[in-house]
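Examination of the molecular architecture
Listed here are the chains, written in short residue letters.
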Amino acid sequence: MTWRFALMIEPAASDDTREDFGATFQRVDPSAPALSVGELSTQRGDGIFESIGVVGGHAQEVQAHLDRLVHSARLCDLPEPNLAQWRAAIEVAAASCEPGESVIKLILSRGVEHGPAPTAWVTAAHAADFRAVRERGIRIVTLDRGLDSGAAARAPWLLLGAKTLSYAVNMAAIREAKRRGADDAIFVSSDGIVFEAPTASVILRIGDRFVTPEPSGSILQGTTQVSLFEFLEGRGFETAYEAVPAASLATADAAWLVSSVRLAAPITAIDGAPVAHDAELTGEINAYLLSPRD
Ligand code: PLP
């Protein structure tokens, strides 16, 4: 059985400047119950989370994940997270990680109904072994998101730009992809614009340009995508945020789904049709993503 680690956190106010937050964490047995039966907001998915990749005990891109946690908290009207406290909890979790790849999850839910404060906890566990997927690639299907590209602006309460605990739709999309004989999905707006994958960002290579859907509020801005664009720019490539028509997926020179734990998975087929992929560049990209990144 794989190891696991869990900390329950008593969230501190964002202006709490104490030097040592250790007393606000309680290490708990990850296989034992820890949440109150009254933890209604978690049952409703009314909370936010982050999944941070850990390589050899180094938690990757912590600041970018914390910035997104703050962004998600604002969109969901949750109290402003105390970043020094979360950073301290991540350090404790990362120090518990075994060699190899792991994942640290940060969870902040609205808490017990009528309760005084949000509920917060951090877990760490081994990551699944994605080495074969990174090399062999994934077949994807495009799925209608059922929303047009203007939906996020018209209906901000859909929280499309927040990393909320409500992933039932995302998981259903992956099951639908598998029913259709693929490995993963890409959500497309009802007016034909590429959004994102259920748990990853989409990046296309068109000639020497790397393009990703603009972070317009309809999608989550991926920390991996941002980090990868920095790497590609350093290699002299042009990068761009654009409205990406769904038709571009089939004609791109290469395409990837990128995310914090699986890293870059090259796309090998779209809606049943094989597409080009660049094994050498994918290898370089994943070597970069596996190197320590802050
Ligand atoms: N988009 C969605 C919906 C996601 O769930 C994720 C990650 O889980 C991403 C994009 C990629 O984000 P990151 O690169 O920060 O893992």
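Bear in mind that the values here come from a model prediction, so they are computed numbers and not experimental data.

Glancing now at the overall build of the chain. Within the chain, the regular secondary structure consists of nine helices and 14 strands. Summarising its shape, the C-alpha atoms of the chain cover approximately 55 × 45 × 35 Å along the three principal directions. Each of the 294 residues in the chain was classed as buried or not, and the buried ones make up 51%. Taking as baseline every contact in the chain between residues at least 6 positions apart, the subset at least 24 positions apart corresponds to 70%. Roughly 13,700 Å² of accessible area belongs to the chain as shown, and the carbon and sulfur atoms make up 53% of that amount.

In this model helix 3 (residues 83-95) runs 18 Å from its N-terminal to its C-terminal C-alpha over 13 residues, within 8% of the 18 Å that 1.5 Å per residue would give. Listed as buried for helix 3 are Leu 83, Gln 85, Trp 86, Ala 89, Ile 90, Ala 93 and Ala 94. The N-terminus of helix 3 is capped by Asn 82, whose side-chain oxygen sits 3.1 Å from the backbone nitrogen of Ala 84.

It is worth spelling out the site of the ligand at this point. Taken together, 17 residues sit near the ligand, with Lys 163, Tyr 167, Thr 223, Thr 224 and Ser 260 positioned nearest. At 2.9 Å from a nitrogen atom of the ligand is found a side-chain nitrogen or oxygen belonging to Glu 196. Within the contact set of the ligand, an oxygen atom lies 2.6 Å away from a side-chain nitrogen or oxygen of Thr 223. Isolated, the ligand exposes 390 Å² of accessible area, and the fraction of that covered by the protein chains is 94%. Only helix 2 (62-75), helix 7 (223-234) and strand 12 (254-259) provide two or more residues apiece to the shell around the ligand. Grouping the amino acids of the shell around the ligand by side-chain chemistry returns six nonpolar, eight polar and three charged.

Put simply, helix 7 and helix 9 (residues 279-290) touch, their axes get as near as 11 Å, and they point 115° apart. What the angle tells us is that helix 7 and helix 9 run roughly perpendicular. In the packing of helix 7 onto helix 9, the handedness of the crossing is right-handed. Residues Thr 224, Ser 227, Leu 228 and Phe 231 of helix 7 form the contact with helix 9, whose own contacting residues are Glu 284, Ile 285, Tyr 288 and Leu 289. Split by residue class, the contact of helix 7 with helix 9 holds five nonpolar, two polar and one charged.

Scanning all chains against the criterion turns up five aromatic pairs. Here Phe 231 and Tyr 288 contribute two aromatic rings whose centre-to-centre distance is 4.4 Å and whose plane-to-plane angle is 15°, an arrangement assigned as stacked. Placement of Phe 231 in helix 7 and of Tyr 288 in helix 9 is noted, with a sequence separation of 57 residues between them. Put simply, the rings of Phe 210, Phe 237 and Trp 256 touch in pairs and so form one group of aromatic residues. One residue, Arg 145, lies across the ring of Phe 187, its end atom 4.9 Å from the ring centre.

Another point: the pairing of strand 13 (residues 263-270). Burial within strand 13 is extensive, with eight of its eight residues counted as buried. Note that strand 7 (residues 138-144) and strand 13 share three bridges and pair parallel. If you follow Ile 140 over to strand 13, its bridge partner there is Ile 270. Taken together, the four bridges between strand 12 and strand 13 define a ladder with antiparallel strand orientation. Its bridge partner being in strand 13, Leu 257 is matched across the sheet by Ala 265. Connecting strand 13 to the antiparallel partner strand 14 (residues 273-274) that follows it, the hairpin turn spans two residues, and Asp 271 within it adopts a positive phi of roughly 50°.

With that settled, consider the domain arrangement of the chain. Considered domain by domain, the chain is made up of domain 1 (3-126) and domain 2 (131-289). Of note, the centres of domain 1 and domain 2, computed from C-alpha atoms alone, are 26 Å apart. Between domain 1 and domain 2, roughly 1,500 Å² of surface is buried when both sides are summed, and carbon and sulfur atoms account for 61% of that area. Of all residues in domain 1, Phe 49, Arg 68 and Glu 101 give up the largest surface area on contact with domain 2, accounting jointly for 35% of the area buried on that side. The tally of links from domain 1 across to domain 2 stands at one salt bridge. Its salt-bridge partner being Arg 134, residue Glu 101 comes within 2.7 Å of it at the nearest N-O pair. Viewed at the interface, domain 2 and domain 1 are joined by ten residue pairs in polar contact (both at pLDDT 80 or more). For the side of domain 1 that touches domain 2, the secondary structure elements donating two or more residues are strand 3 (47-55), helix 2 and strand 5 (101-109). Residue composition of the side of domain 1 that touches domain 2, by class: seven nonpolar, ten polar and five charged.

Parameters at a glance
Residues numbered from 1 in each chain as written. Predicted model: local features only at pLDDT ≥ 70, side-chain atom pairs only at ≥ 80, totals over all residues. Heavy atoms only, no water. Helix = DSSP H or I, 4+ residues; strand = E, 2+ residues; numbered from the N terminus. Buried < 20%, exposed > 50% of the residue type's maximum accessible area, 1.4 Å probe, protein only. Contact = heavy atoms within 4.5 Å. Areas by Shrake-Rupley, 256 points an atom, 1.4 Å probe, with all protein chains shown as cover. Expected span 1.5 Å × (residues − 1). Polar contact = N/O pair within 3.5 Å; in protein donor to acceptor, adjacent residues only side chain to side chain. Near = heavy atom within 4 Å. Nonpolar A, V, L, I, M, F, W, Y, C, P; charged D, E, K, R; others polar. Axes fitted to C-alpha atoms, helices over the stretch in contact; angles between N-to-C directions. Parallel < 35°, antiparallel > 145°, perpendicular 65-115°, else oblique. Left-handed = near helix turned anticlockwise from the far one by under 90°. Phe/Tyr/Trp six-rings, centres within 6.5 Å; stacked < 30°, edge-to-face > 60°. Lys NZ or Arg CZ within 6 Å of the ring centre and 35° of its normal. Pairing = 2+ DSSP bridges. Domains from an automatic or database assignment. Buried area = accessible area lost by both parts, 1.4 Å probe. Salt bridge = Lys/Arg side-chain N within 4 Å of Asp/Glu carboxyl O.

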